[in-house]
Amino acid sequence: MDELDRFSAHRESEIERLCNNNHQDFVSSVNQLLNVRKGTVDLTEEILKLNQSIQKSTDKLVEQKKALVDSRDVRQNIDEATQALRLCLEVLGLANRVGDLLKQKKHYAALRTLDELQNVHLKEVMQYDVADMIQKSVPAVQGMVKEAVMTDLNSWLYRIRGSSVLLGQVAFDQTELRRRRQKERIEKSPYLHEREAFDVLDNENVNIDFTPLFECLHIHEALGERDKFRVTYASVRGQQKELLLSGSLTLSNEDISSLNKLLEDICGFAIIERATMKKTISFRSAVDVDELWDSMCKKAINIITPALDNITQADALLRIKNVLALFIQTMDSWGYSVEALDSFLLVLFEKYSQRLKTEFSADFKEIVTSDDYMPMPINSLEELDNVVNVSWYSPDKERDQLKFPIVLPFSQMYPLCCIDIRNFLNKYYFFSDEYFTHQNVVDEELRSSLDQLLCDQVCTSLVERLTSKYLGQIVQILINLEQFEYACHKLGILLAEVRQSNHGCGVSLKATERFRSEKKTAEKRIFELVNSKIDDLVETAEYDWMAAKKLEEPSEYLQQMTLWMRNIMSSTLLGLPKDIKGFIYFDALSHIATSILALPMSDSVKKINKNAVAALDMDVHYLMEFVDSLNEPLLPTIFEELRQTINLLQSDSAEEFYSIDTRMRRYASVNPVNGPVLLEKLVSGAAPL
């Protein structure tokens, strides 16, 4: 408006100037100006009206603008509140999700969600109380997660503790299967190899899921407590080991199932330990696992050892060894040291050997005691084959030349003992059939034990029966001793062939020499009995040393003696080897010659006449004929001294005996002491009638 006033004043001055210059123009201009002024006044009124209108509009606008500003503040507050509420809802949602994951046993996911909540989402709402509350609850929730996974782990440990026996059974079965397959491969081709595809931890019989352990390990790693968890886990497994081996063991000859269960349990426990070590990194160290294994082995041995005292049968000990061997092979395949168990097998073998010796000693003693000591009759070829198959004996004749029934030289005890000897050998090697690394121990113990049994039980028992006065029994014992000597020789060869630790050396049994030596004892006993019988018969001799006439037949005692000798030669002594029979004949006849020669040498005989000498001569001729019938060329020399002594007594020139040349030529065998004594007793000049 001021601008218009100035403009108007300016225009009025300009008009006045113009009017002065030109009135008419001025008037016209004034008229125009008035018109303009009128228009201006009208315009001013309109402007004022417009200004008033604008002023009113501006007030409304200001009010609206103020309302708008207020509305924007409210909206911003709402937006901020909405954002805060959204963030809080997300935080609460994650917190609830942690709880849901815990209920679903998704512990690692719950821990990861909690970590995300703590390190990301809570930082955005730290100005709110709810954030502080949640922040303070994080350690408690972490503890809940740890407690939950430990609860699951303890449940898992309890389950695998119960599954250890089944796992051990499966592992044992797999080892046994590998044994059979290996034998089959060796029979087919020793160069074939089979790849192991069976998983003892995951199969149709058993399934060991390590997920709870892995999850627990991850949780503790995330919480920074891996070392603490490792120590805790090792402690728990140690406690389970102690619980597993806390009881005692009861074994009997009939039932060793408790040993199976114990070893299967230990096997399953150890397999899980080894699998845990392989499936984790720096969690279960090899040193810790091996120390745990060593302590288990020591404890198991301490439990088993006293239980073995109840085992009195070798077969039961063999079953125990087979179970232990299966256990050792299974553990060896899992990389465990088995040295302690190998050493324990040696202890078990010593007990097994002692039981075998005890059992077979009783068997041998029973066989020797109950034998009839008579040659063994055989009625058929089948019976002969049965004897030959078990005995070290070969018939003298071919099979097609045999006519049954026949009689074998030995008594029934020999094949029975041979059967026991073969069983004894087999049972020793049964012990080393499945996993036994001390084969040299088996070989040496077998040789020593076999020697002991043969010497102490068989040979000694036979020798003890040599006190019998029944000649037939003594002869049979001698024959049996001969057979056992041969059997020992064959046994030495057999042991050398089957000896698993053999280095090309033969096996010599002391029993061979023992039987050979005791044969001489038996021979001496036969000599004693034969000579005793001869002495008894000689004692019945009734020589009339001053006989009035010459006898016409040999002495009665001598006839009985030769008859008895023929009988025993054709019956009792028939089965003896030819060389032994020759020794017996030689000794018996030598004793007869000595006994007859001793008769006139007796102090009770003071005088001898020619008739008595003729009787002696007749008896010697009779004996010579008997000896000749034996077809033994050396036997006649036995009577050389007796023959020359009688010749000396019959000689008409007895003084020739005192001539050394003549004596050495005609009476060399005559005892230089006995000859003069008999000549002094000889009554000179008495002619036979």
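Because the structure is a prediction, the values reported are computed rather than measured. (Residues numbered from 1 in each chain as written. Predicted model: local features only at pLDDT ≥ 70, side-chain atom pairs only at ≥ 80, totals over all residues. Heavy atoms only, no water.)

Draft legend 1. Fine view of the overall build of the protein. Assigned secondary structure in the protein consists of 21 helices and two strands. Burial analysis of the protein (689 residues in total) assigns 42% to the buried set. The contacts of the protein with a sequence gap of at least 6 include a subset with a gap of at least 24, amounting to 77%. Summed over all atoms, the accessible surface of the protein reaches about 38100 Å², with 52% contributed by carbon and sulfur. (Helix = DSSP H or I, 4+ residues; strand = E, 2+ residues; numbered from the N terminus. Buried < 20%, exposed > 50% of the residue type's maximum accessible area, 1.4 Å probe, protein only. Contact = heavy atoms within 4.5 Å. Areas by Shrake-Rupley, 256 points an atom, 1.4 Å probe, with all protein chains shown as cover.)

Draft legend 2. View of the pattern of salt bridges. One pass over the structure, following the stated rule, counts 19 salt bridges. Note that arginine 516 is salt-bridged to glutamate 513, the shortest N-O span being 2.5 Å. Residue arginine 516 and its partner glutamate 513 are located together in helix H15 (residues 510–539), separated by three residues, close to a single helical turn. Using a relative accessible area of 32% as the deciding quantity, one classes arginine 516 as partly exposed. Beyond isolated ion pairs, a larger network of salt bridges with shared partners links Glu482, Glu485, Glu513, Arg516 and Lys519. (Salt bridge = Lys/Arg side-chain N within 4 Å of Asp/Glu carboxyl O.)

Draft legend 3. Quick look at the nonpolar core. If you look at the biggest cluster of nonpolar residues, it comprises 181 residues, and the most contacted ones within it are Ile320 and Leu589. It is helix H14 (residues 471–498) that provides the largest number of residues to this core, a total of 13 residues. Not counting the four nearest positions on each side in its chain, isoleucine 320 is found in contact with Leu251, Ile256, Leu259, Leu308, Ile311 and Leu348. (Core = buried A, V, L, I, M, F, W, Y, C linked by side-chain atoms within 4.5 Å.)

Draft legend 4. Up close: the packing of helix H11 (residues 381–390) against helix H12 (residues 413–431). Viewed as axis vectors pointing N to C, H11 and H12 meet at an angle of 45°, and their least axial separation amounts to 8 Å. Considered as vectors, H11 and H12 are oriented oblique to each other. The two elements H11 and H12 meet at a crossing, and its hand is left-handed. Side by side, H11 and H12 meet where Val387, Asn389 and Val390 of the first sit next to Pro415, Cys418, Ile419 and Arg422 of the second. Residues of the contact of H11 with H12, tallied by class, amount to five nonpolar, one polar and one charged. (Axes fitted to C-alpha atoms, helices over the stretch in contact; angles between N-to-C directions. Parallel < 35°, antiparallel > 145°, perpendicular 65-115°, else oblique. Left-handed = near helix turned anticlockwise from the far one by under 90°. Nonpolar A, V, L, I, M, F, W, Y, C, P; charged D, E, K, R; others polar.)

Draft legend 5. Here's a closer look at the packing of aromatic side chains. Applying the stated rule across the entire model yields 22 aromatic pairs. Where tryptophan 293 meets phenylalanine 327, the ring centres are 5.9 Å apart and the plane angle is 45°; that geometry is what we call tilted. Residue tryptophan 293 is found in helix H8 (residues 286–307), and its partner phenylalanine 327 is found in helix H9 (residues 314–333); the two are separated by 34 residues along the sequence. An identical accessibility class is assigned to tryptophan 293 and phenylalanine 327; each is buried. The aromatic ring of phenylalanine 269 is capped on one face by arginine 237, whose charged end is 3.9 Å from the ring centroid. Between the NZ or CZ atom of arginine 422 and the centre of the ring of tryptophan 392, over which it lies, the distance is 4.2 Å. (Phe/Tyr/Trp six-rings, centres within 6.5 Å; stacked < 30°, edge-to-face > 60°. Lys NZ or Arg CZ within 6 Å of the ring centre and 35° of its normal.)

Draft legend 6. Up close: a nonpolar patch on the surface. On the surface, Met1, Leu4, Leu43, Ile47 and Leu48 cluster together into a nonpolar patch covering about 420 Å² of accessible area. It is helix H2 (residues 23–103) that provides the largest number of residues to the nonpolar patch, a total of three residues. The topology assignment puts leucine 48 in helix H2. (Patch = residues over 30% accessible without salt bridge, like charges linked within 9 Å, V, L, I, M, F, W, Y side chains within 5 Å.)

Draft legend 7. Representation of unusual backbone geometry in the model. Along the chain, phenylalanine 404 connects to proline 405 via a cis peptide bond; the corresponding omega equals 0°. With respect to the helices and strands, the residue proline 405 is situated in the loop between H11 and strand E2 (406–408). Phi at serine 282 takes a positive value of approximately 55°, unusual for a residue other than glycine. Within the secondary structure, serine 282 sits in the loop between helix H7 (257–279) and H8. Relative accessible area serves as the criterion here: at 62%, serine 282 is assigned to the exposed category. At tyrosine 373, a residue that is not glycine, the phi angle is positive and equals roughly 55°. Checked against the element boundaries, tyrosine 373 lands in the loop between helix H10 (339–370) and strand E1 (376–378).

Draft legend 8. Broad picture of the packing of helix H17 (residues 578–601) against helix H19 (residues 640–650). For the pair H17 and H19, the least separation of the axes is 9 Å and the interaxial angle reads 30°. Classified by the angle their axes make, H17 and H19 are roughly parallel. Side by side, H17 and H19 meet where Ala593, Ile596 and Leu597 of the first sit next to Glu641, Leu642 and Thr645 of the second. For the contact of H17 with H19, the class distribution of residues is four nonpolar, one polar and one charged.

Draft legend 9. Fine view of the environment of lysine 279. Within the element layout of this structure, lysine 279 appears in helix H7. C-alpha separation for the pair lysine 279 and phenylalanine 214, spaced 65 residues apart in sequence, amounts to 9.0 Å. Residues within four places of lysine 279 in sequence aside, it is in contact with Leu201, Phe210 and Phe214.

Draft legend 10. Seen up close, helix H18 (residues 610–628). Here H18 contains 19 residues, and its C-alpha end-to-end distance of 26 Å stays within 8% of the 27 Å for a straight helix at 1.5 Å per residue. With 14 of its 19 residues buried, H18 lies for the most part within the structure. The backbone nitrogen of asparagine 611 has a side-chain oxygen 3.1 Å away, supplied by the residue at the start of H18, namely asparagine 609. (Expected span 1.5 Å × (residues − 1). Polar contact = N/O pair within 3.5 Å; in protein donor to acceptor, adjacent residues only side chain to side chain.)

Draft legend 11. Examining the environment of phenylalanine 283 more closely. Among the structural elements, phenylalanine 283 can be located in the loop between H7 and H8. Here phenylalanine 283 falls in the buried class, since its relative accessible area comes to 1%. Taking the C-alpha atoms as reference points, phenylalanine 283 and tyrosine 233, separated by 50 residues in sequence, lie 9.4 Å from one another. Dropping the residues within four chain positions of it, phenylalanine 283 is found in contact with Leu213, Leu217, Arg226, Phe229, Arg230, Tyr233 and Thr276.

Draft legend 12. Layout of the side chain of asparagine 203. Of note, asparagine 203 is situated in the loop between helix H4 (129–188) and helix H5 (211–222). When its relative accessible area of 15% is taken as the criterion, asparagine 203 is described as buried. At 2.9 Å, the side chain of asparagine 203 forms a polar contact with the backbone oxygen of aspartate 199. Within the structure, the side chain of asparagine 203 is placed 2.8 Å from the backbone nitrogen of asparagine 205, a separation counted as a polar contact. Contacts of asparagine 203, omitting those with residues within four sequence positions, involve Val170 and Phe198.

Draft legend 13. Quick peek at H9. For H9, with 20 residues, the first-to-last C-alpha span of 28 Å sits near the 28 Å given by 1.5 Å per residue. For H9, the buried fraction is high: 14 of the 20 residues fall into the buried class. One or two steps after H9, the chain reaches glycine 335, where phi turns positive at roughly 85°.

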